[in-house]
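Chain by chain, the residues run as shown.
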Amino acid sequence: MRLLGLSHFLKGNLARAGALFFGIVVLYPLAGLFVPVGLWRWEGSGTLDAARVSISLTALAMLIVVLLGTPMALYVARSSPRERLWWQAVLLVSVLLPPLALGILISLAFGQHGLGLFLEQFGFSMTNTPLAFVVTQFYVSIGYYVLGSIAALDAVPRPLELQAALLGHTPSSVFWRITFPIARLGFAVALSLAWVRALTEFGAVVITAYYPAGLPVAIWTNLENFGLPAVMPLLIVFLVTALPLPWLAHLLAQRRSTQRA
Amino acid sequence: MLDAHVVKQRAHFRIDCRVTIDSGESCGLFGASGSGKSTTLACIAGTEIADDGYVRLGGETLFPPQRPLHERSIGYLTQDANIFPHLRVSENVRFGLTNGARSESDAWIAQLRERLQLVSIWNQPAHAISGGQARRVALARMLARKPALVLLDEPFTGLDRHLVRELLSTLVSWQRELRFTMLVVDHEAEILERLCDRAIVLEEGQVVQDARWEALHADPATPLLAQLLAPL
């Protein structure tokens, strides 16, 4: 009996030690923050400007993503299985397009031979402008948001919504009083994924909006021009703006699903 | 008055059921499991859409065309309680009341709370209560609005026998007092007999008999019905 207990103890601790090793491997790249690269250079690194551009324009892009993506997610989530499959296929295209390819396609589709001529009549340019930046971020993140929101809506039992409607609530009241409160963490996870996807996008943005330089482009140019000491401040700001929101949203969602189980 | 004709194709048979109930009367929908009772009820409620037929309530046509659910004065208690897990019990019960009706309904809500034994759980989160409590909350929530038509789908599943006995008499007295029209689905004749004088019997979607209980017991239309009515 004692031997059997010892064997269970060793197996359990061995598994935990293995998991710990795996965790260290996953987090190991963060050790790079402590590697000496010389005195960090804050002046002239453009950190604040890049952060301002990235955060403000990504926030604007997210507003558009939420306003357009949420009704779409509601529509797809409540459509027939066949129609739903079609829409998911469309959304997956936007998710699976390689960023560089997406950037080139956006610059062509919104360029002089595409929608660009029409937009320029109204004074909008889609080359190296905030508009180009926001449009690109919209395209790189919308698929993630809508697909994530559909998953969030799938977690809301349809009979609850029908019951709420039978109790006299209009469709919008049902959404705000039943659907949204139950799905809100799922929506938050979807939004945080879209946020981090847009904020960290480099490949597509570098093609369509090299200027105004957001954090990823600024990191690249600083690395090229000044080396690592000028990159580190940008890197810290980049991590602080990109990581906490999705990290917290995922943890909260996980905690809630664990509590329900 | 409820006047409905529900036609709906199921996997192995076609439901073709006509239901007529005078205002303030109650009627049972009786039959073996899988005979199409719950689907018929869902089509009358509007949560499922019939392939053909019609649903009229108090002179208003609810189908066709399908009238939006929020415009129907129907209380529908399904087999699952479907209470809203993110709200408290009290918020669940008051969910169907408009702001104007809330203060007027206070006495009625207090009565529901007492008679359905919700006092001890009144302020608890709905996700923390038991299955039996959830069914009582759902019953209170449905009756809080005083709907013109009450549809009950196996309303006492999962409740203790002594509570069922009490709820049956409470429900009958409320039905007489409030004069709502009531259609109840159950596969237990004993429960339906306590709630309704009359029953429509379904077998594979077809109405095989529509009569008062005495007539059903005296002369069941089919061997299956005779078996369902026979004591254990």
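Just so it is clear, the structure is predicted and the values come from calculations on it, not from any experiment.

Student: Now, about the overall build of chain B: what can you tell me, with residues and values included?
Tutor: Of regular secondary structure, chain B possesses 9 helices and 10 strands. By principal-axis analysis of the C-alpha atoms, chain B measures approximately 50 × 45 × 35 Å. A buried classification covers 43% of the 232 residues belonging to chain B.

Student: So, the packing of helix H2 (residues 47-77) of chain A against helix H6 (residues 130-154) of chain A: which residues are in play, and what are the values?
Tutor: Residues and elements named next belong to chain A. Where H2 meets H6, the closest approach of the two axes is 7 Å, and the angle between their N-to-C directions is 35 degrees. As for how H2 packs across H6, the hand of that crossing is right-handed. Here the contact of H2 with H6 is composed, by residue class, of 19 nonpolar, 6 polar and 1 charged.

Student: Lay out the domain arrangement of chain B in plain terms, naming residues and giving numbers.
Tutor: Residue and element names in this part refer to chain B. Its domain assignment divides chain B into domain 1 (2-73 + 148-229) and domain 2 (85-146). One C-alpha centre belongs to domain 1, the other to domain 2; they are set 24 Å apart. Opposite the 8 residues of domain 1 that make contact, domain 2 presents 8 residues. A total of 3 residues in the side of domain 1 that touches domain 2 trace back to one element, the largest contributor, which is helix H6 (residues 161-178). For the side of domain 1 that touches domain 2, the per-class residue count stands at 5 nonpolar, 2 polar and 1 charged.

Student: Go over the interface of chain B and chain A with me, naming the residues and quoting the values.
Tutor: Put simply, an interface is often sized by how much accessible area is lost when its parts join up. Each partner contributes to the interface: chain B provides 15 residues, whereas chain A provides 13 residues. For the side of chain B that touches chain A, a count of residues per class yields 6 nonpolar, 6 polar and 3 charged.

Student: Describe the nonpolar core, listing the residues and the values that go with them.
Tutor: Taken as a class, soluble globular proteins show a tendency for nonpolar side chains to be buried jointly. B:Ile44, B:Val137, B:Ala140, B:Leu151, B:Leu183 and B:Val184 are the most contacted members of the largest nonpolar core, which has 75 residues in total. By residue number, the principal contributor to this core is helix H5 (residues 131-144) of chain B, which donates 8 residues. Excluding its chain neighbours within four sequence positions, the residues that come into contact with B:Val184 are B:Ser26, B:Gly28, B:Leu29, B:Leu152, B:Pro155, B:Leu192, B:Leu195 and B:Cys196. Counting residues in hydrophobic clusters, the runner-up holds 55 residues, among them A:Phe110, A:Tyr144, A:Leu147 and A:Val237.

Student: Any chance you could break down helix H4 (residues 99-109) of chain A for me, citing the residues and the numbers?
Tutor: Listed as buried for H4(A) are A:Leu102, A:Gly103, A:Ile106 and A:Ser107. In a view along the axis of H4(A), the buried residues occupy a sector of 130 degrees, so they form one face of it.

Calculation rules
Residues numbered from 1 in each chain as written. Chains lettered and ligands numbered in written order. Predicted model: local features only at pLDDT ≥ 70, side-chain atom pairs only at ≥ 80, totals over all residues. Helix = DSSP H or I, 4+ residues; strand = E, 2+ residues; numbered from the N terminus. Buried ≥ 20, exposed ≤ 12 C-beta atoms within 10 Å, placed from the backbone. Axes fitted to C-alpha atoms, helices over the stretch in contact; angles between N-to-C directions. Left-handed = near helix turned anticlockwise from the far one by under 90°. Nonpolar A, V, L, I, M, F, W, Y, C, P; charged D, E, K, R; others polar. Domains from an automatic or database assignment. Contact = placed C-beta atoms within 7 Å. Core = buried A, V, L, I, M, F, W, Y, C linked by C-beta atoms within 7 Å. Arc of directions from axis to C-beta.

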